[in-house]
There are 4 protein chains.
Amino acid sequence: MATAESNDLSSLRDSLRRFAAERDWEQFHSLRNLAASISIESGELLERFQWTDPASSDLTDEEIQAIRYEIADVLLYLVRLADKLDIDLVTAGHEKIALNADKYPVDRSRGSSRKYTEL
Amino acid sequence: MATAESNDLSSLRDSLRRFAAERDWEQFHSLRNLAASISIESGELLERFQWTDPASSDLTDEEIQAIRYEIADVLLYLVRLADKLDIDLVTAGHEKIALNADKYPVDRSRGSSRKYTEL
Amino acid sequence: MATAESNDLSSLRDSLRRFAAERDWEQFHSLRNLAASISIESGELLERFQWTDPASSDLTDEEIQAIRYEIADVLLYLVRLADKLDIDLVTAGHEKIALNADKYPVDRSRGSSRKYTEL
Amino acid sequence: MATAESNDLSSLRDSLRRFAAERDWEQFHSLRNLAASISIESGELLERFQWTDPASSDLTDEEIQAIRYEIADVLLYLVRLADKLDIDLVTAGHEKIALNADKYPVDRSRGSSRKYTEL
């Protein structure tokens, strides 16, 4: 975990492959089951902010740890789903940022939360 | 995108910081707004599998591309939220895998989709 | 609960108003908080079907009861949100069915799960 | 829609049964597909509040209509799922309110958004 190469998602992908193989869980990891799991875990993450919108500095270490694990749950299923579809997450992310830059030109979207269809 | 170091999430984090700064969107990126956005994008991803659970090989290139961008949308907000909380996603992911390994020992969870509380 | 008039949603709406007023919870029931709560509770409902798609007859009484309460959680926040917006849920539901009937004409949608944009 | 008896959910349930039967859609309406659909539609509802938390009075008629239809979408799938499980939604709702009243006694929960496990 502390080595330089572990800073990329392929280490997570490999750990998750081993984890599933050891438990014979590949059978449960269909595309749809993984997509449903991402959504379920996202709901648990959102529950941490159900009634309030704290600043980072308002959160206790315990709260941040709990949020951190909810974030990790979403990430793990996302990495698993990407693996099943042979998608490179980082490349896909950069492509999507480039598409968003086209949809939200700086001059028209500056300071606005409106959707691109309304700009 | 083609360089070796871009294979890690810090390149996405940095691009997203620039993207938000250029548009003066930091004001919208509260913890809660980002958590809500992750959940919303997860729903759009799940919509791709609303009625069926296709194998990867059943999907057209166009369908995979659409799914790929939905996955990227979830990832980008996840990277943004982690950045706001100063969370290293890959490290958090490895920690969560270790916790899950404790909750789901191989001998008791093998071939079962039951929750750890029921094992 | 057993009376004829309780079979409509206005009895739930009124109970929820009282519940919130007694606890001074109106302050938390903003439109957005209620929408987020609907989404969070929907995730908990979906969690009951994370890995399997059981037939009703496969479920134990205990499982049905658990699902029943998750469904109720979604409903209660939905009734609350509709109340805040002065929306009659049943009328809105019938209107939406009529709109869906236009989007999904019987002859073109019969036996197909495709979205109306692809019919 | 204008008659007295239409004010209850059984009219929606019956319309949805007819709608599905005419289109031969019962095959798609498994418990899990309906639960996933509720979650997907909840995400679309939440998207209306992705960045802001408007007061009802801030919304245009057009915005309220759009929100109204998103609420109806969630409701329709909820009615369908309850029908499949032979659940009376209004009765389940009242039961859940009674359970919540036990979990959140007025004196301890007044003015607080804390979860019952933390009260």
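Here, every reference points to the structure presented above.
In this text, all values refer to a predicted model and were calculated from it rather than measured experimentally. By convention here, each chain's residues receive numbers from 1 onward along its written sequence. A letter from A marks each chain and a number from 1 marks each ligand, given out in the order of writing. Owing to the predicted nature of the model, reporting of local features is limited to residues with pLDDT of at least 70; listing and counting of side-chain atom pairs is limited to 80 or more, with chain, interface and lining totals taken over all residues. Computation of side-chain values: all heavy atoms of the structure, hydrogens and water removed.

Novice: Talk me through the overall build of chain A; I want residue IDs and the actual numbers.
Specialist: To qualify as a helix, a DSSP run of H or I must reach at least 4 residues; to qualify as a strand, a run of E must reach at least 2; elements of each kind are numbered from the N terminus. In terms of regular secondary structure, chain A is built from 5 helices and 0 strands. Over its C-alpha atoms chain A spans a radius of gyration of 18 Å, topping by over 25% the 14 Å that the globule rule assigns to 119 residues. C-alpha atoms of chain A, sized along the principal axes, occupy 50 × 35 × 35 Å. Burial classes follow relative accessibility: with a 1.4 Å probe on protein chains only, a residue under 20% of its type's maximum area counts as buried, one over 50% as exposed, and anything between as partly exposed. Counting the 119 residues in chain A, one finds 53% classified as buried. Only the protein chains shown count as cover for residues, and all accessible areas are computed by the Shrake-Rupley method using a 1.4 Å probe. In the form shown here, chain A has an accessible surface area of approximately 5500 Å², with 45% of it arising from carbon and sulfur atoms. Charged-residue counts in this description rest on Lys and Arg as positive and Asp and Glu as negative, His and the chain ends being excluded. A charged residue contributes its charge at one atom only: NZ of Lys, CZ of Arg, CG of Asp or CD of Glu. Distance between charge centres in chain A, computed from 15 positive and 23 negative side chains, equals 6 Å. Put simply, the radius of gyration uses C-alpha atoms, and a globule should come to 2.2 Å times the residue count raised to 0.38.

Novice: Describe a negative patch on the surface, and please don't skip the residues or the numbers.
Specialist: Put simply, a patch holds well-exposed residues, over 30% relative accessible area, that have no salt bridge, with like charges counted together within 9 Å and Val, Leu, Ile, Met, Phe, Trp or Tyr side chains within 5 Å. Criterion for a salt bridge: a side-chain nitrogen of Lys or Arg within 4 Å of a carboxyl oxygen of Asp or Glu. Taken together, the side chains of A:Asp58, A:Glu62, A:Glu63 and D:Glu118 define an acidic patch exposed on the protein surface. Relative to the assigned elements, A:Glu63 resides in helix α3 (residues 61–84). With a relative accessible area of 35%, A:Glu63 lands in the partly exposed category.

Novice: How would you sum up the side chain of B:Ser39? Please name residues and give values.
Specialist: By the secondary structure assignment, B:Ser39 is in helix α2 (residues 31–47). Note on B:Ser39: relative accessible area 7%, which makes it buried.

Novice: Describe in detail the interface of chain A and chain B, supporting the description with residues and values.
Specialist: Reports often express the size of an interface as the amount of accessible area lost when the parts come together. Every residue pair with non-hydrogen atoms within 4.5 Å of one another is taken to be in contact. The interface is formed by 73 residues belonging to chain A together with 73 residues belonging to chain B. On inspection of chain A and its partner chain B, the count reaches 4 salt bridges. Polar contacts, as used here, are pairs of N or O atoms within 3.5 Å; protein pairs need one atom able to donate a hydrogen and one able to accept it. Residues neighboring in sequence count only if both atoms are side-chain atoms. For the interface between chain A and chain B, the tally reads 29 residue pairs in polar contact (both at pLDDT 80 or more). Element by element, the count of residues in the side of chain A that touches chain B is highest for α3(A), at 13 residues. Ten residues, namely Ala, Val, Leu, Ile, Met, Phe, Trp, Tyr, Cys and Pro, are considered nonpolar, four, namely Asp, Glu, Lys and Arg, are considered charged, and the remaining ones, Gly among them, are considered polar. Here the side of chain A that touches chain B is composed, by residue class, of 38 nonpolar, 22 polar and 13 charged.

Novice: Describe the packing of helix α3 (residues 61–84) of chain C against helix α3 (residues 61–84) of chain D, listing the residues and the values that go with them.
Specialist: Contact pair α3(C) / α3(D): the axes reach a minimum separation of 11 Å and the direction vectors enclose 150°. Between α3(C) and α3(D), the crossing angle belongs to the class labelled roughly antiparallel. Pair α3(C) / α3(D) crosses with left-handed handedness. Within the contact between the two elements, α3(C) uses C:Ile71, C:Val74, C:Leu75, C:Leu78 and C:Leu81 and α3(D) uses D:Ile71, D:Val74, D:Leu75, D:Leu78 and D:Leu81. Here an axis means a line fitted to C-alpha atoms, over the contact stretch when the element is a helix, while the angle between two N-to-C directions is reported on a 0 to 180 degree scale. For this classification, under 35 degrees means roughly parallel, over 145 means roughly antiparallel, 65 to 115 means roughly perpendicular, and everything else is oblique. Left-handed describes a crossing whose near helix is turned anticlockwise from the far helix by less than a right angle; the clockwise case is right-handed.

Novice: Got a sec to walk through the packing of aromatic side chains? Specific residues and values, please.
Specialist: Pairing of aromatic rings covers Phe, Tyr and the six-membered ring of Trp, with a centre-to-centre limit of 6.5 Å; geometry is then stacked below 30 degrees between planes, edge-to-face above 60, and tilted otherwise. Counting across every chain of the model gives 16 aromatic pairs over all chains. Relative to C:Tyr77, the ring of A:Trp51 has its centre 6.3 Å away and its plane inclined at 50°; by these criteria the two rings are tilted. Within this pair, whereas A:Trp51 is found in the loop between α2 (31–47) and α3, its partner C:Tyr77 is found in helix α3, the two belonging to separate chains. On the numbers, 5.8 Å between centres and 65° between planes, the contact of D:Phe19 with D:Trp25 is edge-to-face. Classification of D:Phe19 by relative accessible area gives buried; the value is 11%. In this structure an aromatic cluster arises from ring pairing among A:Phe19, A:Trp25, B:Tyr104 and B:Tyr116. In this scheme, Lys NZ or Arg CZ marks a charge over a ring once it lies within 6 Å of the ring centre and within 35 degrees of the ring normal. The positively charged end of A:Arg23 is found above the aromatic ring belonging to A:Phe19, 3.7 Å away from the centroid.

Geometric values such as these leave the question of function open.
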